[in-house]
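# Fold and contact review
Take a look at the letters that make up each chain.
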Amino acid sequence: MSKKGHFGGYGGQFIPETLYPAVRALEEAYPKIIKTKSFQSELKALLKDYVGRPSPLYKATRLSEAVGCSVYLKREDLNHTGAHKINNTIGQILLAKHMGKKRIIAETGAGQHGVATATVCALMGLKCVVYMGEEDVNRQALNAYRMKLLGAELIPVSHGSKTLKDATTEAIRDWMLNVDDTYYLIGSVVGPHPYPTIVRDFQAIIGKESKRQMRAMTGGLPTAVIACVGGGSNAMGIFHSFVKEKSVRLIAVEAGGEGLSSGHHSASLQKGQSGILHGAKSYLLQTKTGQVQLAHSISAGLDYPGVGPELSFLKDEGRMEVMSATDKQALAACQWVSRLEGIIPALETSHAFAALKQLKGSVKKSDHIIVNVSGRGDKDMETLMAHDKDTAS
Ligand SMILES: *Cc1c(COP(=O)(O)O)cnc(C)c1O
């Protein structure tokens, strides 16, 4: 980091004056609290007994044969609630508790982060308010109900595009009005400093475990690590331990939607320009006049016009490669992995598998590739059914 809270020219704190005290308080509290024994022992116990960590690193034999090298799956889909998101919400809820906060707010798009937040609020007995675009409340009725069942208050946001971008703006407004007792629990490596660092640190357990497990299984490092990118938390989580290991290829996979030249995609790193969204500078999809352009992806979790500042930096540094997969390629990859391994990946994760498929032909037999299985596909059954032309077979 060159400047405090910056990754190269990205990151920072582009926030309204009224938020400074809250962001400063978080910045000061975070490094102190995570160093305490009580925080670390509580975190460790919850990750083990509540989340179910460590998640396995599984050698996928049939997938390996199909690709032509050794393929390993980091099974974040086996975590409680079915994805990597809980690693971060567990960490931040403990942080909020140690800061003495009584009320938790969060934004959510498809509802995955909302559910993960409502889950840990129930666990801690804290009040939970989730902002969700009205459009998303309708599209993701099951997750909306899950949050209510878990005891959260769901506030539909009915202005703007009625999606994640507007839900986030509304959550920030709430935080400004209630800074004293409220903790804003952000779901990815985005937002003003220190959030991109906090979320990355809590997700870094994915990479730490993978490195140790890989060493135990093969005696060495992987050749490449592949992860899908929405905001970038599962990618930064698994990449972090490998950034300094220059022999390891880091491959980030963006949602290509209907194709990179269609204008309907979420490929911020490949098709965006540097801009400011939700308190930080990063690659951002925008129009010629600098308005935020709506993103598109078949997977709701990748459907975000921005991306984390650290990923923006790693791309510019040439340390990380960026690939993409279209909606169609992701759907095909989902079926491919389901039938080869008996594992139904989330549609987000299916983008990472689609990239793995694209590497076939360029890999060597001696390569060891890790794919971060960010989540399971149960939540995507309706989408998969609606797009399946092959159900009769
Ligand atoms: C939310 C989500 C993502 C995308 O978020 P990142 O912050 O980029 O990791 C990817 N996969 C799954 C299963 C998700 O729920």
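Just above sits the structure.
Keep in mind the model is a prediction, meaning the values are calculated, not measured. (Residues numbered from 1 in each chain as written. Predicted model: local features only at pLDDT ≥ 70, side-chain atom pairs only at ≥ 80, totals over all residues. Heavy atoms only, no water.)

### Some remarks on unusual backbone geometry
- Arg53 connects to Pro54 through a cis peptide bond whose omega is -5 degrees.
- The omega angle of the peptide bond from His193 to Pro194 is 10 degrees, so this bond is cis rather than trans.
- Here Pro194 shows up in the loop between β8 (182-184) and α9 (195-203).
- One non-glycine residue, Lys162, lies in positive phi territory at about 60 degrees.
- Turning to its location among the elements, Lys162 is positioned in the loop between β7 (153-157) and α8 (164-177). (Helix = DSSP H or I, 4+ residues; strand = E, 2+ residues; numbered from the N terminus.)

### Thoughts on the site of the ligand
- Near the ligand you find 17 residues, and of these Lys85, Ser188, Gly230, Gly232 and Ser233 are the closest.
- Contact with the protein chains covers 97% of the free accessible surface of the ligand, which is 390 Å².
- Among the residues making up the shell around the ligand, the classes are represented as 4 nonpolar, 11 polar and 2 charged. (Near = heavy atom within 4 Å. Areas by Shrake-Rupley, 256 points an atom, 1.4 Å probe, with all protein chains shown as cover. Nonpolar A, V, L, I, M, F, W, Y, C, P; charged D, E, K, R; others polar.)

### Considerations on the pairing of strand β12 (residues 280-284)
- By the criterion of burial, β12 is predominantly enclosed, with 4 of the 5 residues buried.
- When strand β11 (residues 273-277) meets β12, the two strands line up antiparallel, connected through 5 bridges. The residue of β12 that forms the bridge with Ile276 is Lys281.
- Following β11, the chain reverses through 2 residues before pairing antiparallel with β12; His278 in that reversal takes a positive phi of roughly 50 degrees. (Buried < 20%, exposed > 50% of the residue type's maximum accessible area, 1.4 Å probe, protein only. Pairing = 2+ DSSP bridges.)

### Some words on the pattern of salt bridges
- Tallied over the full model, the rule gives 20 salt bridges.
- Residue Arg139 pairs with Asp136 through a salt bridge whose shortest N-O separation is 2.5 Å. One end of the pair is Arg139 and the other is Asp136, both in helix α6 (residues 134-139) and 3 residues apart, which spans about a single turn.
- Its relative accessible area of 5% is what places Asp136 among the buried residues.
- Linking Glu321 and Arg249 is a salt bridge whose minimum nitrogen-to-oxygen distance equals 2.8 Å. Placement of Glu321 in strand β13 (residues 320-326) and of Arg249 in strand β10 (residues 249-257) is noted, with a sequence separation of 72 residues between them.
- For Glu321, a relative accessible area of 30% translates into the label partly exposed.
- Judged by relative accessible area, which is 34%, Arg249 ranks as partly exposed.
- Where salt bridges share partners, they join Lys4, Arg24, Glu27 and Glu28 into one cluster. (Salt bridge = Lys/Arg side-chain N within 4 Å of Asp/Glu carboxyl O.)

### Let's talk about the packing of aromatic side chains
- The full count for this structure, using the stated rule, is 6 aromatic pairs.
- Here the aromatic rings of Trp175 and Tyr195 are separated by 6.2 Å at their centres, their planes lie at 65 degrees, and the arrangement is edge-to-face. Here Tyr195 lies in helix α9 and Trp175 lies in helix α8, a separation of 20 residues in the sequence.
- Residue classification places Trp175 among the buried residues on the basis of a relative accessible area of 4%.
- These aromatic residues form a ring-pair network of at least three members: Tyr30, Phe39 and Phe202. (Phe/Tyr/Trp six-rings, centres within 6.5 Å; stacked < 30°, edge-to-face > 60°.)

### Topic: the nonpolar core
- Ranked by size, the top nonpolar core spans 53 residues in total, and within it Ile90, Leu95, Ile104, Met147, Trp175, Tyr183 and Tyr184 carry the most contacts.
- Among all residues touching Tyr184, those that are not within four sequence positions of it are Gln92, Ile105, Ala106, Glu107, Thr168, Ala171, Ile172, Trp175 and Tyr195.
- By size, the runner-up hydrophobic cluster in this structure holds 30 residues, among which are Ala60, Ile343, Ala352 and Val363. (Core = buried A, V, L, I, M, F, W, Y, C linked by side-chain atoms within 4.5 Å. Contact = heavy atoms within 4.5 Å.)

### Re the sheet that holds strand β3 (residues 57-59)
- Ordered in space as β3-β4-β14-β9-β10-β13, the 6 strands form an open sheet in which the pairing is mixed. Each having just a single partner strand, β3 and β13 make up the two edges of the open sheet. The mean angle between the axes of side-by-side strands here comes to 25 degrees, regardless of whether they run parallel or antiparallel.
- Where helix α10 (residues 205-218) meets the sheet, its contacts fall on β3, β4 (70-75) and β14 (368-373), and the angle it forms with β4 comes to roughly 140 degrees. (Axes fitted to C-alpha atoms, helices over the stretch in contact; angles between N-to-C directions.)

These values are about where atoms sit, not about what they do.
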